[in-house]
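# Coordinate inspection notes
Letter by letter, the chains look like this.
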Amino acid sequence: MSINDITTPLDSATLDSDAQYELYYRMVKHVLDEFEINLVEWNHYRICTKEELKSLEEYCKRLAFSLKAMQLKYRFDEERMKVDLTESGFPNYLELRYIHNDLDLKEEFKAKLPEAKEFKEKFIHRLMIDKQHVDKRDLFEASSSLYYNMIQEDKIFQKFVIGKIKKTKSSFATYVLDWAFYDVTLNRPFICFMYFDYKHDDKVEQEIYDTVKECADRCLDLDNMAYMIDKRLKYVHPRKIKRVDLGILHSIFSKDDHETTHALLKAIAQKDVTINSFALSTKVETITAVNSSKVSNDLLSFKKQVIQVWSDVVKHNYILAPHRVIQLLYGAIPDTVIHLHHEPFEVEEIPES
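What comes next is a walk through the structure. These numbers come from a predicted model, not from an experiment.

### Notes on the side chain of Asn-38
Looking at where Asn-38 falls in the secondary structure, it is placed in helix 1 (residues 18–44). Once residues lying within four places of it in the same chain are set aside, the contact partners of Asn-38 are Leu-320, Phe-345, Glu-346 and Val-347.

The following block contains the structure:
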């Protein structure tokens, strides 16, 4: 067993009740919506470009769709969705793997299960004519039917998802590639961008996709990741790599030692903020090529390869939270808030159900 496959109960925790899951689903979907909305502000403050904004929106939609699928999958199941409560707040990565595995069974289950219309007619007859409750087994099969009809490979957030190489409007590179991954250790989604130059060639293009998938599908130190990609791609010249850690969702469900979590949980306990209060800590890391040098590409060859000399990694931290939580954080952890790269972004509170 790989060390990355070892989980603790808090890495893969189950919540205590349907009511808790209902709040959890509403909270995560709301946070994803608010993050997506605030990307316009990110673009305004040059935290992301218009090109990056579109990709970030797309990956947020994939994550929200996957969460909706999980909610439907477990709605009447005895099994419960596993959540990472330690510096994540997002589902355990295995939940995404399960959805991906279910895609292989999609046609088989669609053929076995009746369509939604048949379930609807059966439930109406059961309730209105027989005057009896609908069996839980029937409810489970109905939700399973909807689930298998819903899931699509091009809409779910998988462990690794990669976009297409595109021309960029940036002044320092010709092409840009975006990709996203769900780190199996941290149980958090990350979204990456690589700006680069190369002489277009179909074989080299496929090599770029393969290299990124093999070298950048998990949360490594950004300078190590940049070096590995650059070293393997002899005919590609990376200019900048950017990684967005979508964040740690701090909420009533959090069970970690993060100072934002402590401040929020204390305020909830003292009823200074409501039980559905939250904050999202996000981070943007960037590394830029400042020069290049020629090195031998292996010990037995005098052939030289041009590789990049990289800058230090620049890390910027941000917080998104409702107004009342922002006030709370300024009072409870002022040093942390003051040293953010930008003052906290104010987002809407979760609407009352």
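### Topic: the nonpolar core
Tyr-24, Met-27, Phe-35, Trp-42 and Met-81 are the most contacted members of the largest nonpolar core, which has 61 residues in total. For this core, the element with the most residues is helix 1, which contributes 11 residues. Residues within four places of Trp-42 in sequence aside, it is in contact with Phe-35, Ile-47, Cys-48, Val-244, Thr-282, Val-284, Tyr-318, Leu-320 and Phe-345. Phe-181, Val-204, Val-212 and Leu-233 belong to the second-largest nonpolar core, a separate cluster that totals 26 residues.

### Comments concerning the layout of surface pockets
The computed volume of the largest pocket comes to approximately 320 Å³. Around the largest pocket sit 21 residues that line it, and Ile-248, His-258, Ser-281, Thr-282 and Asn-317 are the ones nearest its centre. Contributions of two or more residues to the lining of the largest pocket are made by strand 5 (236–250), helix 8 (259–269), strand 6 (279–296) and strand 8 (314–321). Of the residues belonging to the lining of the largest pocket, the class tally is 5 nonpolar, 10 polar and 6 charged. By volume, the second largest pocket is sized at about 260 Å³. As for the second largest pocket, its lining consists of 13 residues, of which Thr-49, Lys-50, Glu-51, Lys-54 and Lys-169 are closest to the centre. If you list the elements that add at least two residues to the lining of the second largest pocket, you get helix 2 (50–73) and strand 2 (166–167). The dominant element in the lining of the second largest pocket, judged by the number of residues it contributes, is helix 2, at 4 residues.

### Digging into helix 9 (residues 323–332)
Along helix 9, the residues that are buried comprise Val-325, Ile-326, Leu-328 and Leu-329. Viewed along the axis of helix 9, the buried residues span an arc of 160°, placing them on a single side of the element.

### With respect to the pattern of salt bridges
Per the counting criterion, the structure on display carries 15 salt bridges. In this structure, Glu-58 engages Arg-62 in a salt bridge whose closest nitrogen and oxygen atoms are separated by 3.8 Å. Of this pair, Glu-58 and Arg-62 both sit in helix 2, 4 residues apart, which is roughly one turn of the helix. Given the relative accessible area of 38%, Glu-58 is considered partly exposed.

### Topic: the packing of helix 1 against helix 2
The geometry of helix 1 relative to helix 2 is characterised by a closest axis approach of 10 Å and an angle of 175° between their N-to-C directions. For the element pair helix 1 / helix 2, the angle class is roughly antiparallel. Contact residues: helix 1 offers Tyr-25, Val-28, Lys-29, Leu-32, Phe-35, Glu-36, Leu-39, Val-40 and Asn-43, while helix 2 offers Lys-50, Leu-53, Leu-56, Glu-57, Cys-60, Lys-61, Leu-63, Ala-64, Leu-67, Met-70 and Gln-71.

### Section: the side chain of Arg-62
With relative accessibility at 12%, the residue Arg-62 sits in the buried group. Engagement of the side chain of Arg-62 in a polar contact is seen with the backbone oxygen of Asp-154, the distance being 3.2 Å. Those residues in contact with Arg-62 that sit more than four places away from it in its chain are Glu-153, Asp-154, Lys-155, Ile-156, Phe-157 and Val-161.

### A closer look at a nonpolar patch on the surface
On the surface, Ile-124, Leu-127, Met-128 and Ile-129 cluster together to form a nonpolar patch covering roughly 410 Å² of accessible area. For Met-128, a relative accessible area of 55% corresponds to the exposed category.

### Notes on unusual backbone geometry
The phi angle of most residues is negative, glycine excepted, and most peptide bonds adopt the trans form. Positioned with a positive phi, Glu-87 is a non-glycine residue whose angle comes to about 50°. Topologically, Glu-87 is positioned in the loop between helix 2 and helix 3 (93–112). At Lys-271, a residue that is not glycine, the phi angle is positive and equals roughly 60°. Looking at where Lys-271 falls in the secondary structure, it is placed in the loop between helix 8 and strand 6. According to the relative accessible area criterion, Lys-271 is exposed, its value standing at 75%.

Here is what the cut-offs are and how they apply
- Residues numbered from 1 in each chain as written.
- Predicted model: local features only at pLDDT ≥ 70, side-chain atom pairs only at ≥ 80, totals over all residues.
- Heavy atoms only, no water.
- Helix = DSSP H or I, 4+ residues; strand = E, 2+ residues; numbered from the N terminus.
- Contact = heavy atoms within 4.5 Å.
- Core = buried A, V, L, I, M, F, W, Y, C linked by side-chain atoms within 4.5 Å.
- Buried < 20%, exposed > 50% of the residue type's maximum accessible area, 1.4 Å probe, protein only.
- 1 Å grid on protein atoms, 1.4 Å probe; cavity = no way out; pocket = protein on both sides within 12 Å on 5 of 7 lines; lining within 4 Å.
- Points joined across faces, edges and corners; volume = space filled by probe spheres on them.
- Nonpolar A, V, L, I, M, F, W, Y, C, P; charged D, E, K, R; others polar.
- Arc of directions from axis to C-beta.
- Salt bridge = Lys/Arg side-chain N within 4 Å of Asp/Glu carboxyl O.
- Axes fitted to C-alpha atoms, helices over the stretch in contact; angles between N-to-C directions.
- Parallel < 35°, antiparallel > 145°, perpendicular 65-115°, else oblique.
- Polar contact = N/O pair within 3.5 Å; in protein donor to acceptor, adjacent residues only side chain to side chain.
- Patch = residues over 30% accessible without salt bridge, like charges linked within 9 Å, V, L, I, M, F, W, Y side chains within 5 Å.
- Areas by Shrake-Rupley, 256 points an atom, 1.4 Å probe, with all protein chains shown as cover.

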